[in-house]
Amino acid sequence: LASPAAVAATQAQDSGATMVVSMSIYPNPTMNSATVRMAGTGAVLGIYNMMGARVMSVRVTQPTVQLDLSGLAGGVYFVRQDGKSGGVRVVKLN
């Protein structure tokens, strides 16, 4: 099992406060599925290809979510929480 790839994305709020969003995705690289761990629920994750096109959307309903990537071609994808900067690069193998 590969170790998790983690990211901490920082975004400034209007009030001047800073919010840190973190997620872990593993295994990375992956074949057909990956596990996402987040601190909260209710977020929407977008999976984007290298051209920046959204290829999947997943609503996070629990702190740990399984992504089914079997329908995607092998390549590099980015997972980002909607409305937040930053993200995690995921490599899908054929």
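Cut-offs used in this document
- Residues numbered from 1 in each chain as written.
- Predicted model: local features only at pLDDT ≥ 70, side-chain atom pairs only at ≥ 80, totals over all residues.
- Heavy atoms only, no water.
- Helix = DSSP H or I, 4+ residues; strand = E, 2+ residues; numbered from the N terminus.
- Buried < 20%, exposed > 50% of the residue type's maximum accessible area, 1.4 Å probe, protein only.
- Contact = heavy atoms within 4.5 Å.
- Areas by Shrake-Rupley, 256 points an atom, 1.4 Å probe, with all protein chains shown as cover.
- Polar contact = N/O pair within 3.5 Å; in protein donor to acceptor, adjacent residues only side chain to side chain.
- Lys, Arg positive; Asp, Glu negative; His and termini not counted.
- Salt bridge = Lys/Arg side-chain N within 4 Å of Asp/Glu carboxyl O.

*Asks:* Any details on the overall build of the protein? Residues and values, ideally.
*Replies:* For the protein, the count of helices and strands is zero helices and eight strands. Reading the protein from its N terminus to its C terminus gives the helix and strand order β-β-β-β-β-β-β-β. Across the 94 residues that make up the protein, the buried fraction comes to 33%. Restricting the contact set of the protein to residue pairs at least 6 apart, pairs at least 24 apart contribute 43%. Put simply, the protein shows about 5400 Å² of open surface, and 53% of that area lies on carbon and sulfur atoms.

*Asks:* So what's going on with the environment of Arg-59? Residues and values would help.
*Replies:* Position of Arg-59 among the secondary structure elements: in strand 5 (residues 54–59). In this structure the C-alpha to C-alpha distance between Arg-59 and Thr-41, which are 18 residues apart in sequence, comes to 8.3 Å. Among residues more than four places away in sequence, those in contact with Arg-59 are Gly-42, Ala-43 and Val-44. At 2.8 Å, the side chain of Arg-59 forms a polar contact with the backbone oxygen of Gly-42.

*Asks:* Please give an account of the side chain of Lys-92 that cites residues and values.
*Replies:* Residue position: Lys-92 is located in strand 8 (residues 88–92). No salt bridge is formed by the buried Lys-92. Its closest oppositely charged neighbour is Asp-68, at 8.1 Å. Only 3.2 Å separates the side chain of Lys-92 from the backbone oxygen of Met-31, close enough to count as a polar contact. Beyond its immediate stretch of four places on either side in the chain, Lys-92 contacts Thr-30, Met-31, Asn-32, Leu-69, Ser-70, Leu-72, Ala-73, Gly-74, Gly-75 and Tyr-77.

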